[in-house]
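Structural features, examined
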Amino acid sequence: MQRISKSFVYFICLVSAMGGLLFGYDWVVIGGAKPFYELYFGISDSPLLQGVAMTTALVGCLAGAMVAGAAADRYGRKPLLTTSAVLFTVSAIATGLFNDFILFNIARFIGGVGIGVASAMAPMYIAEVSPADIRGRMVSLNQMTIVLGILGAQIVNMLLARDTSVAANQVWNVAWGWRWMFWAETLPAALFLVMSFFIPESPVYQKLKSLTPNPSPTGEGSRYSQGRNGMEEVITPLFLWRGAGGKAPYRRVLLLGLVIAVFQQWCGTNVIFNYAQEIFAGAGFDVDGMFINIVITGIANVLFTIVALYTIEKWGRRTLMLMGAGGLGLIYLTLGTCYFLGLTGIMMVALVVTAISVYAMTLGPVTWTLLAEIFPHRIRGVAMAVCTFALWTGCCTLTFSFPSMNAALGSSGTFWIYSAICISAFIFLFRHLPETKGKSLEQLERELVK
């Protein structure tokens, strides 16, 4: 495998991580645009259509993640990154351009496909080009760009959302403000598209391709020589679980990856980004206070992701995952109790910011690092796609369930449930998650695949 200098590794990882920047921006920007496009499209009194608008991109994420694995194994990692850049650019322009609600959602779906592809490809590509001693930090760079994208969307939303107490400003917000929130994504999306042509193909994929010069013409996935009994394996999601010849060597590591992926969403932190308006309104804040608090959470998200860049190689993945699960379990227990007691104000903001901070230095970046490094080379494309699909399924169910849970159980009951999920995950991870820092991908394969 061709050796790549570390300086060039930093460059290509940064370019690849731009997919994370667009992932974060595209995922969060709709939260700030929500009050205004709902008025424009006349759906303010339709919870069903509001839910459709909020989740169309997530459905696109599922579609993107579902096709990313087989496509990456067949065509390579680099073309998929370029494809995601095209999708982000088209979606950014079209979402703000369309005046029809159906076309608006189609544009959001296209952006969601871009998120699904980028979220699967960027960390996998970075893990495959990075040396073992800096792999965790490099994959965490992808999470760093995600949170920068989130913060960027929050700042853009705040700057574009003019004072709603002035009638003329409200008219501008409804007519144009929400459009510019989406259009602002066009510049970084176009930059990512151009820069994606200057990065090489993953050396791991090049090695696999040299071993398998004739991929399956049916498009069912790449074929790799099994190396025993003259048999040939077709790497599919079902094969990962059932194996061949009565053996299922990948089931253990696949289950671990699925739990890690779904837990990152079901831990509950991401509802703070998607439903910040409801959460801070329940804590006693008006619209202007809501936007300020959202930016505060975004700043905390960035700062503690920077902390993760320095701790992931020192403290290790396992330690940080346990800190995240246990810490969030305690924070949500406290937050739910405060809602139950009717407390409002700065204390509630402090708890929310603390939760974001803990997530940012633990579950946020470490999840993507683990998913990118625990799977063997020959199944990484499909396994990463399966786990990314599971992650976005978790995100969809979390997004759908929060309004109903919040209405039925109140904010207190909802956060108590998230606390219970975090504590359960802590027990699972304590029992089943090994430490992976400083180990080569080949060494991890020997340890995790039995």
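Quick caveat, the model's predicted, so the values are computed rather than measured.

**Considering the overall build of the protein chain**
- Looking only at helices and strands, one finds 18 helices and 2 strands in the protein chain.
- Pairs at least 24 residues apart make up 82% of the contacts formed inside the protein chain by residues separated by at least 6 positions.
- If you sum the accessible surface of the protein chain, you get close to 17,500 Å²; carbon and sulfur atoms cover 69% of it.

**Points about helix α2 (residues 47-75)**
- Here α2 contains 29 residues, and its C-alpha end-to-end distance of 41 Å stays within 8% of the 42 Å for a straight helix at 1.5 Å per residue.
- Along α2, the helix axis deviates most sharply at Thr-55, where the bend reaches about 40 degrees.
- Where α2 terminates, the next one or two residues include Gly-76, which has phi positive at roughly 105 degrees.

**Details of the packing of helix α3 (residues 77-97) against helix α4 (residues 101-129)**
- Taken N-terminus to C-terminus, the directions of α3 and α4 make an angle of 150 degrees; their axes are 8 Å apart at the nearest point. In terms of orientation, α3 and α4 fall into the roughly antiparallel class. Relative to α4, α3 is oriented so that their crossing is left-handed.
- The class makeup of the residues in the contact of α3 with α4 is 16 nonpolar, 5 polar and 3 charged.

**A few points about the side chain of Thr-269**
- Mapped onto the fold, Thr-269 is located in the loop between α10 (251-266) and α11 (271-274).
- Side chain to side chain, Thr-269 and Tyr-332 meet in a polar contact 2.7 Å long.

**Overview of the pattern of salt bridges**
- Tallied over the full model, the rule gives 6 salt bridges.
- A salt bridge links Lys-34 to Glu-38, with the shortest nitrogen-to-oxygen separation between them at 3.3 Å. Of this pair, Lys-34 and Glu-38 both sit in helix α1 (residues 6-41), 4 residues apart, roughly one helical turn. This pair shows no difference in class: Lys-34 is buried, exactly as Glu-38 is.

**What about empty space enclosed by the protein?**
- Within the structure shown, the criterion is met by 3 cavities of 30 Å³ or more.
- As for the second largest cavity, its lining consists of 15 residues, of which Trp-27, Gln-143, Ile-146, Asn-270 and Tyr-359 are closest to the centre.
- If you list the elements that add at least two residues to the lining of the second largest cavity, you get α1, α5 (135-160), α10 and α17 (377-432).
- Residue contributions to the lining of the second largest cavity peak at 4 residues, all from α5.
- When the residues that make up the lining of the second largest cavity are grouped by side-chain class, the tally is 10 nonpolar, 5 polar and no charged.

**What to know about the packing of α4 against α17**
- Remark: α4 packs on α17, axes separated minimally by 10 Å, with the N-to-C direction vectors making an angle of 135 degrees. The orientation of α4 relative to α17 falls into the category oblique. At the point where α4 passes α17, the crossing takes the right-handed sense. Only Arg-380, Gly-381, Met-384, Thr-388 and Trp-392 of α17 make contact with α4, whose side of the interface consists of Ile-115, Gly-116, Ser-119, Ala-120, Pro-123, Met-124 and Glu-128.
- Taken together, the residues of the contact of α4 with α17 break down into 6 nonpolar, 4 polar and 2 charged.

**Concerning α1**
- Look at α1: 50 Å from first C-alpha to last across 36 residues, which is about the 52 Å you get at 1.5 Å a residue.
- Where α1 bends most, the angle comes to about 60 degrees, and this point is Ala-33, followed within four residues by the proline Pro-35.
- Of the residues one or two after α1, Gly-42 is the one with positive phi, at around 70 degrees.

**Focus: the confidence of the model for the protein chain**
- Taken residue by residue, the protein chain gives an average pLDDT of 82. The fraction at 70 or more is 84%.
- Taken as a whole, residues 213-232 scores under 50 in pLDDT and shows 32 contacts with residues more than four places along the chain or in a different chain.

**As for the nonpolar core**
- Counting residues in each nonpolar core, the largest one holds 125 residues, and the members touching the most others are Trp-27, Tyr-37, Met-121, Leu-328 and Trp-392.
- The dominant element in this core, judged by the number of residues it contributes, is α17, at 18 residues.

**As for the environment of Thr-393**
- Note on placement: Thr-393 falls in helix α17.
- In sequence terms Thr-393 and Leu-62 are 331 residues apart; their C-alpha atoms lie 6.8 Å from each other.

**Side note on the environment of Ser-419**
- The exposure class of Ser-419 is buried, given its relative accessible area of 4%.
- As for Ser-419 and Gly-268, which are separated by 151 residues in sequence, their C-alpha atoms are 8.5 Å apart.
- When near neighbours in sequence (up to four residues on either side) are disregarded, Ser-419 contacts Gly-329, Tyr-332 and Leu-333.
- Engagement of the side chain of Ser-419 in a polar contact is seen with the backbone oxygen of Gly-329, the distance being 2.7 Å.

**Details of the packing of aromatic side chains**
- If you walk through the whole model with that rule in mind, you get 21 aromatic pairs.
- Taking 5.2 Å as the distance between ring centres and 90 degrees as the angle between the ring planes, the aromatic pair formed by Tyr-40 and Phe-41 counts as edge-to-face.
- The exposure class assigned to Phe-41 is buried, which follows from its relative accessible area of 15%.
- Ring geometry for Phe-415 versus Tyr-418: centroids 5.8 Å apart, planes at 85 degrees, classification edge-to-face. Placement of the pair is Phe-415 and Tyr-418 together in helix α17, with a separation of 3 residues, close to one helical turn. Across this residue pair, the class does not change: Phe-415 and Tyr-418 are buried.
- An aromatic cluster of at least three residues, connected via ring pairs, comprises Tyr-37, Tyr-40, Phe-41, Phe-101, Phe-104, Trp-178 and Phe-182.
- The lysine or arginine in question, Arg-179, covers the ring of Tyr-40, its NZ or CZ lying 4.9 Å from the ring centre.
- It is Arg-318 that lies over the ring of Phe-430; its NZ or CZ is 5.2 Å from the centre.

About the thresholds
- Residues numbered from 1 in each chain as written.
- Predicted model: local features only at pLDDT ≥ 70, side-chain atom pairs only at ≥ 80, totals over all residues.
- Heavy atoms only, no water.
- Helix = DSSP H or I, 4+ residues; strand = E, 2+ residues; numbered from the N terminus.
- Contact = heavy atoms within 4.5 Å.
- Areas by Shrake-Rupley, 256 points an atom, 1.4 Å probe, with all protein chains shown as cover.
- Expected span 1.5 Å × (residues − 1).
- Bend = angle between axes of the 7 residues up to and from the residue.
- Axes fitted to C-alpha atoms, helices over the stretch in contact; angles between N-to-C directions.
- Parallel < 35°, antiparallel > 145°, perpendicular 65-115°, else oblique.
- Left-handed = near helix turned anticlockwise from the far one by under 90°.
- Nonpolar A, V, L, I, M, F, W, Y, C, P; charged D, E, K, R; others polar.
- Polar contact = N/O pair within 3.5 Å; in protein donor to acceptor, adjacent residues only side chain to side chain.
- Salt bridge = Lys/Arg side-chain N within 4 Å of Asp/Glu carboxyl O.
- Buried < 20%, exposed > 50% of the residue type's maximum accessible area, 1.4 Å probe, protein only.
- 1 Å grid on protein atoms, 1.4 Å probe; cavity = no way out; pocket = protein on both sides within 12 Å on 5 of 7 lines; lining within 4 Å.
- Points joined across faces, edges and corners; volume = space filled by probe spheres on them.
- pLDDT = per-residue confidence, 0-100.
- Core = buried A, V, L, I, M, F, W, Y, C linked by side-chain atoms within 4.5 Å.
- Phe/Tyr/Trp six-rings, centres within 6.5 Å; stacked < 30°, edge-to-face > 60°.
- Lys NZ or Arg CZ within 6 Å of the ring centre and 35° of its normal.

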